[in-house]
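# Architecture at a glance
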Amino acid sequence: MSIDDLLFIIIIGGTVLSGAYLRAEYVSWRRYKAAERRRQASLARLYET
C-alpha cells in the first residue's frame, strides 16, 4: 500500500464521517423542532379553554 492509497482512504473516511455527523445533527434538529411544535400545540390548547 503506497502513501497515495493511505491518503485516499483517509480522505474518503473523513468524508463518510462528516456525512454521518451531518445526518445525526439533522435528525437531532428535526426531533427538537417536532418537540417544539408539540409544546406549542399543547400550550395553544391550554390557553384556548
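Everything discussed here concerns the structure shown above.
On a predicted model such as this, the values are computed, not experimentally measured, just so you know.

Criteria and thresholds
Residues numbered from 1 in each chain as written. Predicted model: local features only at pLDDT ≥ 70, side-chain atom pairs only at ≥ 80, totals over all residues. Heavy atoms only, no water. Helix = DSSP H or I, 4+ residues; strand = E, 2+ residues; numbered from the N terminus. Buried < 20%, exposed > 50% of the residue type's maximum accessible area, 1.4 Å probe, protein only. Areas by Shrake-Rupley, 256 points an atom, 1.4 Å probe, with all protein chains shown as cover. Lys, Arg positive; Asp, Glu negative; His and termini not counted. Charge placed at Lys NZ, Arg CZ, Asp CG, Glu CD. Salt bridge = Lys/Arg side-chain N within 4 Å of Asp/Glu carboxyl O. Patch = residues over 30% accessible without salt bridge, like charges linked within 9 Å, V, L, I, M, F, W, Y side chains within 5 Å.

### Focus: the overall build of the chain
Broken down by element type, the chain carries one helix and zero strands. In terms of overall dimensions, the chain has a C-alpha envelope of 70 × 10 × 5 Å along the principal axes. Counting over 49 residues, the chain shows a buried share of 2%. Here the chain has roughly 4,800 Å² of accessible surface; of this, 64% comes from carbon and sulfur atoms. Distance between charge centroids for the chain: 16 Å, based on 8 positive and 5 negative side chains.

### Thoughts on the pattern of salt bridges
Counted by the stated rule, this structure contains one salt bridge. E36 is the partner of R39 in a salt bridge, and the nearest nitrogen-oxygen pair spans 2.9 Å. A residue pair is termed a helical-turn pair when its members lie 3 or 4 positions apart in one helix, as R39 and E36 do in helix α1 (residues 3-48) at three residues. For E36, a relative accessible area of 23% translates into the label partly exposed.

### Structural notes on a nonpolar patch on the surface
On the surface, M1, I3, L6, L7, I9 and I10 cluster together into a nonpolar patch covering about 650 Å² of accessible area. Along the polypeptide, I9 turns up in helix α1. A relative accessible area of 47% places I9 in the partly exposed class.

### Quick look at the environment of S2
Looking at the element boundaries, S2 is found in the segment before α1. S2 sits 17 residues away from G19 along the chain, and the two C-alpha atoms are 26 Å apart.

### Some remarks on a positive patch on the surface
Residues R30, K33, R37 and R38 make up a contiguous surface patch of positive charge. Its location among the elements puts R30 in helix α1.

### A short note on the environment of A44
Looking at the secondary structure, you find A44 in helix α1. Residues A44 and A34 lie ten residues apart in sequence; the distance between their C-alpha atoms is 15 Å.

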